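So you can see what is in the structure, the chains are spelled out below.
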Amino acid sequence: QVHLVESGGGLVQAGGSLRLSCAAGRNIFSINTMGWYRQAPGKQRELVARITTGGRTNDADSVKGRFTISRDNAKNTVYLQMNNLKPEATAVYYCNTAPVYLFSWGQGTQVTVSS
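In this report, the structure presented in the accompanying data block is examined.

It is worth spelling out the sheet that holds strand S8 (residues 77-82) at this point. The sheet built from four strands is open, its strands ordered S1-S3-S8-S7 with antiparallel pairing. Looking along the sheet, the strands with just one partner apiece sit at the ends: strand S1 (4-7) and strand S7 (67-72). Going from strand to strand, the sheet's axes swing by 15° on average, the running direction of each strand aside. Of the strand pairs in this sheet, strand S3 (residues 18-24) and S8 are connected by six bridges, and their pairing is antiparallel. By the bridge assignment for S8, Ser21 is matched with Tyr79.

Inspection of the secondary structure puts Thr97 in strand S9 (residues 91-97). Since its relative accessible area comes to 1%, Thr97 is described here as buried. Within the structure, Thr97 has its side chain in polar contact with the backbone oxygen of Pro99 (distance 2.9 Å). Not counting residues within four places of it along the chain, the set of residues in contact with Thr97 comprises Asn32, Thr33, Met34, Gly35, Tyr37 and Phe103.

About the cut-offs
Residues numbered from 1 in each chain as written. Predicted model: local features only at pLDDT ≥ 70, side-chain atom pairs only at ≥ 80, totals over all residues. Heavy atoms only, no water. Pairing = 2+ DSSP bridges. Helix = DSSP H or I, 4+ residues; strand = E, 2+ residues; numbered from the N terminus. Axes fitted to C-alpha atoms, helices over the stretch in contact; angles between N-to-C directions. Buried < 20%, exposed > 50% of the residue type's maximum accessible area, 1.4 Å probe, protein only. Polar contact = N/O pair within 3.5 Å; in protein donor to acceptor, adjacent residues only side chain to side chain. Contact = heavy atoms within 4.5 Å.

Rendered as structure tokens:
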């Protein structure tokens, strides 16, 4: 069973940056399109960025130009670089395949952006 472990969240002021990491116990990233998702209080979980096996990326309009997803297959890790953070980015962030089809959700990592 694959366990997805997210890290790197924290409290940051608006305009600041964070880099999230997602690690798996084995190599799943090179054979799956991976995504970063977030769930804000009272809202549904949403996909914010994804990266294909070929390295092509897609971002949600709300984060376009500020968030960058990347992948290091050798380290079995997917990253989300978040710049110019806004208070509305406050949420728990998760990684998983995109679409989600097999792996359970990890615990996520909390990102809190203060105004």
